Amino acid sequence: QVQLVESGGGLVQAGGSLRLSCAASGSFISINNMAWYRQTPERQRELVATITKSGSTAYADSVKGRFTISRDNAKNTVALQMNSLKPEDTAVYYCNVKGLVGFEWNNYWGQGTQVTVSP
């Protein structure tokens, strides 16, 4: 299995910055894609950013130029640097990884961390 522990959420004023971190642990053989999603009560869970094992990244249009995803393959961690935050970025952010356990690749989710951006 893969356990994901997230940290770094909180309350920030519009225009501010936050950095989210996620660490993977457990009995997995390999971690492939890593990603951040977010969800609010009004919106479905949406993809924010993703990064491959080789470091290729992709972002939702709404966060391009403001958020940066990065990973450390040696430590099995992924981070999301969020700058120029807007109130509409308020959501619960979830870490997601695709991990190889035994002979199966599966998606694993963190518990979520709240990000609140005040006007």
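Up top you'll find the structure we're talking about.
Overview of the structure. Owing to the predicted nature of the structure, the values given are computational and were not obtained by experimental measurement.

## Thoughts on the overall build of the chain
Point 1. From N to C terminus, the chain includes zero helices and eleven strands.
Point 2. Along the chain, helices and strands appear, N-terminal first, in the series β-β-β-β-β-β-β-β-β-β-β.
Point 3. A compact globule built from 119 residues would reach a C-alpha radius of gyration of about 14 Å, and the chain, at 14 Å, matches this within 12%.
Point 4. With respect to the three principal axes, the spread of C-alpha positions in the chain is 45 × 25 × 20 Å.
Point 5. Split into buried and exposed, the 119 residues of the chain put 39% on the buried side.
Point 6. Long-range pairs, those at least 24 residues apart, make up 55% of the contacts in the chain with a sequence separation of at least 6.

## As for the side chain of Arg71
Point 1. Looking at where Arg71 falls in the secondary structure, it is placed in strand β7 (residues 67-72).
Point 2. At 8.1 Å, Asp72 is the nearest oppositely charged side chain to Arg71, a buried residue that forms no salt bridge.
Point 3. Within polar-contact distance, the side chain of Arg71 engages the backbone oxygen of Ile51 at 3.3 Å.
Point 4. Only 2.6 Å separates the side chain of Arg71 from the side chain of Asn73, close enough to count as a polar contact.
Point 5. Among all residues touching Arg71, those that are not within four sequence positions of it are Ile31, Asn32, Asn33, Met34, Ile51, Thr52, Lys53, Thr77 and Val78.

## Considerations on the nonpolar core
Point 1. Counting 29 residues, the largest nonpolar core has Val2, Trp36, Leu80, Met82 and Tyr93 as the members making the most contacts within it.
Point 2. The element best represented in this core is strand β9 (residues 91-101), accounting for five residues.
Point 3. What Val2 contacts, discounting residues up to four positions off in sequence, is Ala24, Ser25, Phe28, Ile31, Val97, Gly99, Val101 and Tyr108.

## As for the sheet that holds strand β1 (residues 2-7)
Point 1. The antiparallel open sheet is built from four strands, whose spatial order is β1-β3-β8-β7. Either end of the sheet is taken by a strand with one partner, and the two such strands are β1 and β7. With direction set aside, neighbouring strand axes in the sheet form an average angle of 15°.
Point 2. Where β1 lies against strand β3 (residues 18-26), six bridges are found, and the strand directions are antiparallel.

## Quick word on the state of the cysteines
Point 1. By the definition in use, this model includes one disulfide.
Point 2. The residue that forms a disulfide with Cys22 is Cys95, at a sulfur-sulfur distance of 2.2 Å. Between Cys22 and Cys95, the S-S dihedral sits near -80°, and the bridge is therefore left-handed. Of this pair, Cys22 sits in strand β3 while Cys95 sits in strand β9, placing them 73 residues apart in sequence.
Point 3. Since its relative accessible area comes to 1%, Cys22 is described here as buried.
Point 4. Note on Cys95: relative accessible area 0%, which makes it buried.

Calculation notes
Residues numbered from 1 in each chain as written. Predicted model: local features only at pLDDT ≥ 70, side-chain atom pairs only at ≥ 80, totals over all residues. Heavy atoms only, no water. Helix = DSSP H or I, 4+ residues; strand = E, 2+ residues; numbered from the N terminus. Rg over C-alpha atoms; globule rule 2.2 N^0.38 Å. Buried < 20%, exposed > 50% of the residue type's maximum accessible area, 1.4 Å probe, protein only. Contact = heavy atoms within 4.5 Å. Lys, Arg positive; Asp, Glu negative; His and termini not counted. Salt bridge = Lys/Arg side-chain N within 4 Å of Asp/Glu carboxyl O. Polar contact = N/O pair within 3.5 Å; in protein donor to acceptor, adjacent residues only side chain to side chain. Core = buried A, V, L, I, M, F, W, Y, C linked by side-chain atoms within 4.5 Å. Pairing = 2+ DSSP bridges. Axes fitted to C-alpha atoms, helices over the stretch in contact; angles between N-to-C directions. Disulfide = S-S within 2.5 Å.

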